[in-house]
Amino acid sequence: MDPHSDPLPSPGSAAPPCSLPEAPTPPLSLSDPSPPAPPSSLSSTAEGVVLALGRRRQRLLLALTAAPNLFLAFVLSSDALLTRPPPHRCAPAPGTRAPLNATPAQCQQVQLVNGTPAGTVPCQAGWVYNSTEGLKHNMVTEWDLVCDQYWKVPVEEVCFILGILTGCLILGYIADRFGRLKAFLSSLSLSVLFGLLVCLSPSPSIFILTRFFLAAATAGVYLTLYITRVELCDPSLRLMVTMAAGLVMVAGEFLLLGVAVGCQSWRGLQGAITAPLALFLSYGLPGVFPESPRWLLLSSPEQTDLHSFREQREREREEDGFTELDSVSLYRPHSTASWLSLPELLHCRNIWKNLCVLGFTSFISHGIHHCYSSFRGDVRGTQTGFYSSYLLSCSTGGVACACLCATVDRCGRRGILLLAMTMTGLASLILLGLIEYLNEWAITIFSVLGLFSSQAAASLCVLFTAEIVPTIIRGCGVGVILALGSVGRLSAPIMDLHNHYGYFLHHVVYSSLALLCVLSILLLPESKRKPLPETLPDGEAYRRPPLGRRRKDNVPLLSTPNPSI
């Protein structure tokens, strides 16, 4: 926050509403165009509580939040294996034969009358499948979801993504209202339950329904672990820990292929996915995994025993050397976290502006990802194998996490997000505009570049949101961003449902929106090396730095009533 602006309220005073008259701010110094905001007393207390956990305890808890990601990747990435249609052909039946020059994915047979062809008929004796990649038996081969019944496959994919969307929204609210730990244990229990029900599905409709609820519960587990991980970190560790957890997810995606090769059947794979998740129910045992200290400080101050943290810090002082707790006030603020009114949220225009920009970016980065992964098949007609496309997507995700870990703390969240979306839009425009002049190598290079940049932007959007949305509504804020990313992911199964008709127009629209997204990112603040906001006034204080270095620039339609940072 600018040192010349009005300070945040003192701990003893009531928190003012988000709409306050804007105070005039003098020009910023040339040497420091965006000085960091001094944390409020509540933010200082929260940061002190996190530091009071001790280095060893903090690292252990962060490792516990990252370990389930290995198996969450099994659930969230298994749809590609469970719904992949293998090559198939009609099984021979009496009085029919395969047509001449038939493709392996045929749906018609030639009917013979007295030994002479008499037209074609649908397959009457089922299909013969030739599964050489992934699972030998999945939902397609189990219920013959090919030809006229193939529409059920993209419907299942749509329902699975809608389940993720629903889980992010509902469990995000529950995490803010009832606590991170309760939301985590509830969603994890439901994940185990619905994972077992998926294994026992007797029909496609039951399979689709149970997969919807499984996706919703698993999304809740991922969301609560993500925000808990962020809230357990001090500013210097947030990026590294978050990207390390992302790399664990990528490792789980790679490991999933090995598990699938070992299982061969979708029921066996689903059982292997569900069983490890049940082990993490032990987090609910007393003393294993605590509630987020930041959430407790806001919502249940009477449960936040700072003296216990002090005693633990005294036991580990000689090894860890933490002395910050000596300066931490034992002030316990009055909480309104569980009883925020809708007018309070609606008046926080700066928070809404940031959420809209990041949500739009998340939507575009997830939606355009499908355009790059299927570009060669949809435009050139060159089909790639399942293993190669799956491994390429996982590899670019891992490289994106590693690059973000190496650059974001140096160049800032906003700058790297701007660069990633610029690369995404340019790669898309080059592929669309110069497709007639590019060879296969050039198409591959720009497709990989687009995959890399879109995944980097998607990952950074979630971290950015967790850092600028206050603790009081962090679950809802991150849940909204993940839900909008799921809306973008819906483009892939919808295109499959329409047999990829209109692909070129679909890609052009996403490319145009990606360039528009670049302009909107300039309206975001910078959260590098800044404390997490705790209350709504803290979140409102996260304003974008001025575009010019000599003076403060005002954008009337986007200005907020609070002083800028």
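Residues numbered from 1 in each chain as written. Predicted model: local features only at pLDDT ≥ 70, side-chain atom pairs only at ≥ 80, totals over all residues. Heavy atoms only, no water.

1. Overview of the side chain of Thr471
Residue position: Thr471 is located in the loop between α19 (440-468) and α20 (474-489). Among the residues examined, Thr471 registers a relative accessible area of 1% and is labelled buried. Dropping the residues within four chain positions of it, Thr471 is found in contact with Asp176, Arg180, Glu231, Arg294, Trp295, Leu298, Pro533 and Glu534. (Helix = DSSP H or I, 4+ residues; strand = E, 2+ residues; numbered from the N terminus. Buried < 20%, exposed > 50% of the residue type's maximum accessible area, 1.4 Å probe, protein only. Contact = heavy atoms within 4.5 Å.)

2. What about the nonpolar core?
The biggest cluster of nonpolar side chains holds 65 residues, and the ones touching the most others in it are Leu358, Leu404, Leu417, Met421, Leu460, Val478 and Leu524. Here this core gets 12 residues from one element, more than from any other, and that element is α19. Residues contacting Leu417, with those up to four places away along its chain left out, are Leu358, Thr361, Ala457, Leu460, Cys461, Phe464, Ile521 and Leu524. One finds Leu72, Leu81, Val153 and Phe386 within the second-largest nonpolar core, a separate group that totals 43 residues. (Core = buried A, V, L, I, M, F, W, Y, C linked by side-chain atoms within 4.5 Å.)

3. Focus on the packing of aromatic side chains
The way to describe two aromatic rings as a pair is by their centre distance and the angle between their planes. Overall, the coordinates contain 13 aromatic pairs when judged by the stated rule. Geometrically, the ring pair formed by Trp143 and Trp266 is tilted, given 5.8 Å between the ring centres and 50 degrees between the ring planes. Taken as a pair, Trp143 in helix α5 (residues 139-143) and Trp266 in helix α10 (residues 266-279) lie far apart in primary sequence, 123 residues in all. Of the two residues, Trp143 and Trp266, both sit in the buried class. Through a chain of ring-to-ring contacts, the aromatic side chains of Phe71, Phe74, Phe184, Phe280, Tyr283 and Phe289 assemble into a single cluster. The ring of Phe178 has Arg177 sitting right over it, with the charged end atom 5.2 Å from the ring centre. (Phe/Tyr/Trp six-rings, centres within 6.5 Å; stacked < 30°, edge-to-face > 60°. Lys NZ or Arg CZ within 6 Å of the ring centre and 35° of its normal.)

4. Remarks on the pattern of salt bridges
One pass over the structure, following the stated rule, counts 10 salt bridges. In this structure, the salt-bridge partner of Arg180 is Asp176, at a minimum N-O distance of 2.8 Å. Take Arg180 and Asp176: they sit in the same class, and that class is buried. A salt bridge links Glu534 to Arg294, with the nearest nitrogen and oxygen atoms 2.7 Å apart. With Glu534 in the loop between α22 (503-521) and α23 (536-540) and Arg294 in helix α11 (residues 293-299), the pair connects residues that are 240 residues apart, well separated along the chain. (Salt bridge = Lys/Arg side-chain N within 4 Å of Asp/Glu carboxyl O.)

5. Topic: unusual backbone geometry
Positive phi is not limited to glycine here, since Asp144 has a value of about 50 degrees. Here Asp144 lies in the loop between α5 and α6 (152-178). Taking relative accessible area as the criterion, Asp144 reaches 28% and is therefore assigned partly exposed.

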